[in-house]
Amino acid sequence: MNIKEVDNKEYIFCHWRRKYVRLTPEEWVRQQFLHTLVEQYDYPQSLIAVEVQLATKRRADAVVYTPNLQPLVLIEFKAESVSLTQKVLDQIAVYNRQFSVPYLIVSNGPQTMVAQVNQQSITFLPSVPTWEQVSNKTK
């Protein structure tokens, strides 16, 4: 990852936004996780959007889309120092009211929670699904 310093502040290049952004603890988790999705789980980089505007003034940290641009995975990132609590899960659940995606992911780096969502239930998965696994669910 490409990091630079400007005026004693660190910036990291975000491939999805095509610019340098301030390197905060949460941004570090986001960049690490998204690169892992692409490199290890075969998610197409072109189908991942960052800082997606919600109907409210809030933004989703990342959304993975299907090839026909339907939201598929909603991702919320936290700094490593932030525990993945019920409050964090509630936050992404509220965001999902707008997107209605089948997969939710919350990560603070060391800890990641993945849920598969349908109208009747939420099932927590033991690991991050591959692109093939999530994209096959939509066919």
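In this numbering scheme, every chain counts its residues from 1 along its sequence in written order. Per-residue local features of the predicted model are confined to residues with pLDDT of at least 70, and side-chain atom pairs are confined, for both listing and counting, to 80 or more; whole-chain, interface and lining totals are unaffected and use all residues. The basis for the side-chain values is all heavy atoms of the structure; hydrogens and waters are excluded.

Q: Which parts of the structure should I look at to understand a nonpolar patch on the surface?
A: A cluster of nonpolar side chains, contributed by M1, I3 and W28, occupies part of the molecular surface with about 270 Å² of accessible area. By secondary structure assignment, the location of W28 is in helix α1 (residues 25-41). Without a salt bridge and with relative accessible area above 30%, a residue can belong to a patch; like charges are then joined within 9 Å and nonpolar side chains (Val, Leu, Ile, Met, Phe, Trp, Tyr) within 5 Å. Note on areas: Shrake-Rupley, 1.4 Å probe, and residue coverage restricted to the protein chains presented here. Each reported salt bridge corresponds to a side-chain nitrogen of Lys or Arg within 4 Å of a carboxyl oxygen of Asp or Glu. The way it works is that DSSP assigns letters per residue, a run of H or I at least four long becomes a helix, a run of E at least two long becomes a strand, and they are numbered from the N terminus.

Q: Any chance you could explain the sheet that holds strand β2 (residues 9-14) here in plain terms?
A: Backbone hydrogen bonds are what pair the strands of a sheet, in a parallel or an antiparallel way. Two strands qualify as a pair provided that DSSP identifies no fewer than 2 bridges between them. Strand order in the open sheet formed by 3 strands is β1-β2-β3, with antiparallel pairing between adjacent strands. Strands with a single pairing partner mark the edges of an open sheet, and in this sheet they are β1 (3-6) and β3 (19-22). Each strand axis lies, on average, 40° off the axis of its neighbour in the sheet, ignoring direction. Contact definition: two residues touch when any of their heavy atoms are within 4.5 Å. Every axis in this analysis is a line fitted to C-alpha atoms, fitted for helices over the stretch in contact. Angles between the N-to-C directions lie between 0 and 180 degrees. Taken strand by strand, α1 contacts β1, β2 and β3, and its axis lies near 25° from that of β2.

Q: Is there a simple way to explain the environment of V52 in this structure?
A: Structurally, V52 can be placed in strand β4 (residues 48-53). For V52, a relative accessible area of 13% translates into the label buried. Sequence separation of V52 and F99 is 47 residues, and the distance between their C-alpha atoms is 11 Å. Residues within four places of V52 in sequence aside, it is in contact with R58, R59, A60, V63, Y65 and F99. When accessible area is computed with a 1.4 Å probe and restricted to protein chains, residues below 20% of their type maximum are described as buried, those above 50% as exposed, and intermediate ones as partly exposed.

Q: What should I look at first to understand the packing of aromatic side chains in this one?
A: Think of a pair of aromatic rings as described by two things: how far the centres are apart, and how the planes are tilted against each other in angle. By convention, a stacked pair of Phe, Tyr or Trp rings (six-membered ring in the case of Trp) has centres within 6.5 Å and planes under 30 degrees apart, an edge-to-face pair has planes over 60 apart, and any other such pair is tilted. For the structure on display, the rule yields 3 aromatic pairs. Ring centres 5.3 Å apart and planes at 70° place the aromatic pair F13 and Y20 in the edge-to-face group. On the accessibility criterion, Y20 (28% relative accessible area) is partly exposed. Any Lys NZ or Arg CZ that is within 6 Å of a ring centre and within 35 degrees of that ring's normal is treated as a charge sitting over the ring. Looking at K4, its charged tip hangs above the ring of Y20, at a distance of 4.1 Å from the centre.

Q: It is not clear to me how helix α2 (residues 86-99) should be interpreted in this structure. Could you clarify?
A: Counting along an α-helix, one turn takes 3.6 residues, and residues three or four places apart therefore face a common direction. For α2, spanning 14 residues, the distance from its first C-alpha to its last is 20 Å, which sits close to the expected 20 Å at 1.5 Å a residue. Every buried residue of α2 is listed here: V88, L89, Q91, I92, Y95, N96 and F99. The arc that holds the buried residues of α2, viewed along the axis, is 155°, so those residues lie on one side. Set apart from the buried face of α2 by more than 90 degrees, the exposed residues are Q86, K87 and R97. On its buried side, α2 packs onto β4, β5 (59-65), β6 (71-77), β7 (103-107), β8 (112-117) and β9 (122-125). Phi turns positive one or two residues past the end of α2, at S100, with a value near 50°. The span you would expect from a helix comes to 1.5 Å times its residue count less one. Starting at the helix axis, one direction is taken to each C-beta atom, and the arc is that of these directions.

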